[in-house]
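Okay, here's what each chain looks like letter by letter:
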Amino acid sequence: MPSKEDMRFSTVDYIIFALLLVISSAIGLYYAFSGGKQRTTQEFLLANRSMGFLPVAISLLATFQSAVAILGVPAEIYNNGTEYWFLGCCYFLGLLIPAHVFIPIFYRLRLTSTYEYLELRFNKIVRICGTVTFIFQMVIYMGVVLYAPSLALNAVTGFDLWGSVLALGLVCTIYTTLGGLKAVIWTDVFQSLVMFAGMLAVITVGSIKVGGITEVWRIANEAGKISGIDLNPDPFERHTFWVLAFGGVFMMLTLYGVNQAQVQRYLSSRTQKEAILSCYAVFPCQQIILSLGCLMGLVMYARYRDDGPLQKGYVQNSDQMVLYFVMDIFKDIPGLPGLFVACLFSGALSTISSAFNSLATVTMQDLIKPFFPNMTESRATLIAKGLAFMYGLLCLCMAYIASLMGSVLQAALSIFGIVGGPLLGLFSLGMFFPCSNSWGAVTGLISGLIMSFWVGIGSFVNARISASPPPLNATVVPDTGNMTAVVITKLLTTTSAVRTNPTGLKKFYSLSYLWYSGFSSTVVIIVGLLVSCITGPTRGSDVNPHTIFPVMRYILFFLPKSYLEVVSCGVRYDQDGLNARETTSSVIRMFTTSLAPPQQGTEEQEDRPDLSPLLQVKSRNEEKPVKNNK
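Parameters and conventions
- Residues numbered from 1 in each chain as written.
- Predicted model: local features only at pLDDT ≥ 70, side-chain atom pairs only at ≥ 80, totals over all residues.
- Heavy atoms only, no water.
- Helix = DSSP H or I, 4+ residues; strand = E, 2+ residues; numbered from the N terminus.
- Contact = heavy atoms within 4.5 Å.
- Areas by Shrake-Rupley, 256 points an atom, 1.4 Å probe, with all protein chains shown as cover.
- Axes fitted to C-alpha atoms, helices over the stretch in contact; angles between N-to-C directions.
- Parallel < 35°, antiparallel > 145°, perpendicular 65-115°, else oblique.
- Nonpolar A, V, L, I, M, F, W, Y, C, P; charged D, E, K, R; others polar.
- Patch = residues over 30% accessible without salt bridge, like charges linked within 9 Å, V, L, I, M, F, W, Y side chains within 5 Å.
- Salt bridge = Lys/Arg side-chain N within 4 Å of Asp/Glu carboxyl O.
- Buried < 20%, exposed > 50% of the residue type's maximum accessible area, 1.4 Å probe, protein only.
- Expected span 1.5 Å × (residues − 1).
- Polar contact = N/O pair within 3.5 Å; in protein donor to acceptor, adjacent residues only side chain to side chain.
- Phe/Tyr/Trp six-rings, centres within 6.5 Å; stacked < 30°, edge-to-face > 60°.
- Core = buried A, V, L, I, M, F, W, Y, C linked by side-chain atoms within 4.5 Å.

S.K.: In this structure, what is going on with the overall build of the protein chain? I would like to understand it.
M.R.: The secondary structure content of the protein chain amounts to 25 helices and 0 strands. Restricting the contact set of the protein chain to residue pairs at least 6 apart, pairs at least 24 apart contribute 86%. Carbon and sulfur atoms form 65% of the exposed surface of the protein chain, whose accessible area is close to 23900 Å².

The following block contains the structure:
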């Protein structure tokens, strides 16, 4: 087993890594000086709503397939076996629900920012609360995602820490600012191909050195690393089939249902059908990435068994093991270490660029445009580009702050997942419960955030007190749906630790991290409904039917019209052409034909409902002072 002093980059490795940065920048420059040259906000923020389903699907995959996730999944499999693979079971529902619930509503409303929905459904105060929460979430997240892989790379190979941080941050800022969303999506496609190539190279060379993939499986199976299905329903167990398959659904909904970075890609599609199809297309890609990560972990275990570089003291924590393993098996093959590092930083680039673009979008649409309604299109576009550049510089500052956090870095990573659940609850409250009002929405969001932070921070502190001190500069969590896990310390705790049966608050703090989104979103809905009932529920006749997903009408479509009016809570769907039987047939027809390619000449005409009632409501809301929905 070689020491770290023997692991250094060759000239070829540096060239391959530099090519990644050059090609990514070139894509941004190409879209900056071609087509419409990013002269309008629609082109800069939404790619002029002209994207096909395949690049959108690959970009959806790359957005949260961060470098931290690439490092984390193999380490999780090496330490705890393949049980984590069952997370893939949640992908189906986690993508099917956004495809047929969230995407139709967002796409038909012709939004730019996801949080515009909150003003249409509630009022401007709720919209601003949602926007500020999202900005807080992403600003902390993007700095950590930039710093974490650079730190791990520096610890193993001696690769210059701040040189890689600055290179990635500046390149990402340049192509995002110049090329807009279209450049971000197409660089995501390129970077995803690099990620696939890097992971396949590691699995292929690693398995050959062990004796073949059959030998890898035999060694892992004999060591008990091939996990069976654990049907224990206890939500306080870290990983069981039910926790992974169903708790993970809520985590997926926070990502693919209401997250601005993902919704923005749906809205860039040419038609609603292509937006839905992109959601279907990302499903097999997610399964492939998850399986490749698991295979990397098994190959790494077959190489080192239980006497790996962590046990020998060559690395300080699990995330560095993956890079050590890569440098070990590639040490005699110039260029392949550079390919994997390019793979690693492709994950970082795709995640950070998505953060820049989505932050610029929500800041422009939710915090600037509403207060300057007469702003010209050229000035709005210039400000949007300036915002993307500003967030790029802020990312570098956050990376520096992350370097000062030490072990608190784990807590910073957890904030991303802690905030996602309450935002999911806020959107669900608006879409599925017509009686909810703006008081309930704001109170529910605040309550959800308080509960989520309480449990998350409590679990973090409790784990530090009850377990042995965590390794310094721990920077990684396993990929729980691409960096949305919240209890980071749970994921880094070794299986050799003595397990106890906690009671009281300690039991509450041991809730599996995959249930955090479900827990906090449920708090938002319950508190929101209670407060809405106390302050006076919204009358159904006052609710815009385009902002509601009529679940009960779809389920009970066979009932007489008088009964459907009762379950509709007074919302006037029929007056807006939303007849229950017709909409149910439409959903079924869309589901069965979503895989069929659109006929030539119909792309621009389909999925364009009459939004004049909606626009009238929106204009009235802008003219009138904000009132609470009662």
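S.K.: Whenever I open this one, unusual backbone geometry confuses me. Can you help?
M.R.: Leaving glycine out, the prevailing phi sign among residues is negative, and the prevailing peptide bond configuration is trans. If you check the backbone angles, Ala47 has positive phi at about 55 degrees while not being a glycine. Tracing the chain through its elements places Ala47 in the loop between helix H2 (41–46) and helix H3 (53–63). Although it is not a glycine, Arg49 sits at a positive phi angle of roughly 50 degrees. Tracing the backbone through its elements, the reader meets Arg49 in the loop between H2 and H3.

S.K.: Got a minute to help me understand the packing of H3 against helix H11 (residues 260–267) in this structure?
M.R.: If you want to describe how two helices pack, look at the angle between their axes and the distance between the axes. H11 packs onto H3 with a crossing angle of 175 degrees between their chain directions and a minimal axis gap of 10 Å. Between H3 and H11, the angle falls in the class roughly antiparallel. Touching Val56, Ser59, Leu60 and Thr63 of H3 are Ala261, Gln262, Arg265 and Tyr266, all from H11. Along the lines of polarity and charge, the residues of the contact of H3 with H11 split into 4 nonpolar, 3 polar and 1 charged.

S.K.: Help me understand a nonpolar patch on the surface, please; the structure alone is not making it clear to me.
M.R.: A cluster of nonpolar residues, Leu29, Phe33, Trp162, Leu166, Leu170, Ile174, Leu178, Tyr400, Ile401 and Leu404, forms a patch on the protein surface that exposes about 950 Å² of accessible area. Elements supplying a minimum of two residues to the nonpolar patch: helix H8 (161–210) and helix H16 (377–405). Ranked by residues supplied to the nonpolar patch, first place goes to H8 with 5 residues. With relative accessibility at 43%, the residue Leu166 sits in the partly exposed group.

S.K.: Before we go on, may I ask you to explain the pattern of salt bridges in this structure?
M.R.: Oppositely charged side chains can form a pair if their charged atoms are brought close together. Per the stated rule, a full pass over the model turns up 9 salt bridges. Asp328 serves as the salt-bridge partner of Lys331, at 3.3 Å between the closest nitrogen and oxygen. With its nearest N and O atoms 2.8 Å apart, the salt bridge here joins Arg539 to Asp542. With relative accessibility at 45%, the residue Asp542 sits in the partly exposed group. It is possible to trace a salt-bridge network through shared partners that takes in Glu119, Arg127 and Asp366.

S.K.: Would you explain helix H21 (residues 516–535) in this entry?
M.R.: Every α-helix winds through 3.6 residues per turn, so residues three or four apart in the chain are directed the same way. The terminal C-alpha atoms of H21 lie 28 Å apart, and with 20 residues this matches the ideal 28 Å at 1.5 Å per residue to within 8%. Taken together, the buried positions of H21 are Tyr516, Ser517, Gly518, Ser520, Ser521, Val523, Val524, Ile525, Gly528, Leu529, Val531 and Ser532. Immediately downstream of H21, the backbone of Gly536 shows phi near 105 degrees, a positive value.

S.K.: It is not clear to me how helix H12 (residues 272–304) should be interpreted in this structure. Could you clarify?
M.R.: Given a rise of 1.5 Å per residue, 33 residues ought to cover 48 Å, and the 49 Å separating the end C-alpha atoms of H12 matches this to within 8%. Burial within H12 is extensive, with 25 of its 33 residues counted as buried.

S.K.: How do you make sense of the side chain of Thr187 when you look at a structure like this?
M.R.: As for its placement among the helices and strands, Thr187 is situated in helix H8. Among the polar contacts listed, one links the side chain of Thr187 to the backbone oxygen of Val184, at a separation of 2.9 Å. For Thr187, the residues in contact, after removing those within four places along its chain, are Ser24, Ile27 and Tyr175.

S.K.: Is there a simple way to think about the packing of aromatic side chains in this case?
M.R.: The description of an aromatic ring pair uses the distance of the two centres, along with the angle that the planes make with each other. For the coordinates displayed, the defined rule picks out 20 aromatic pairs. Aromatic pair Phe106 and Phe427: ring centres 5.9 Å apart, planes at 85 degrees, arrangement edge-to-face. On the criterion of sequence distance, the pair formed by Phe106 in helix H5 (residues 91–108) and Phe427 in helix H17 (residues 409–432) is long-range, its members being 321 residues apart. We note that Phe106, like Phe427, is buried. Assessed through its relative accessible area of 0%, Phe427 is described here as buried.

S.K.: Which parts of the structure should I look at to understand the environment of Ile213?
M.R.: Its place among the elements puts Ile213 in helix H9 (residues 213–222). Spatially, the C-alpha atoms of Ile213 and Ile203 are 8.8 Å apart, while their sequence positions differ by 10 residues. Beyond its immediate chain neighbours, meaning those up to four positions away, Ile213 contacts Ser207 and Leu295.

S.K.: Quick question: what am I supposed to make of the environment of Leu120 here?
M.R.: Summarising the element assignment, Leu120 is placed in helix H6 (residues 116–121). Of the residues examined, Leu120 reaches a relative accessible area of 11% and is grouped as buried. Sequence separation between Leu120 and Thr547 is 427 residues, and the spatial gap between their C-alpha atoms is 7.3 Å.

S.K.: Mind showing me how you'd approach the nonpolar core here?
M.R.: Among soluble globular proteins, nonpolar side chains are generally buried collectively. In terms of nonpolar packing, the biggest core is built from 154 residues, with Phe106, Tyr117, Phe340 and Phe345 touching the most fellow members. Ranked by residues supplied to this core, first place goes to H8 with 18 residues. Once residues lying within four places of it in the same chain are set aside, the contact partners of Phe340 are Ile70, Gly198, Val202, Met296, Val322, Leu323 and Val326. Counting 10 residues, the second-largest nonpolar core is a separate cluster that includes Phe44, Met364, Ala384 and Leu387.

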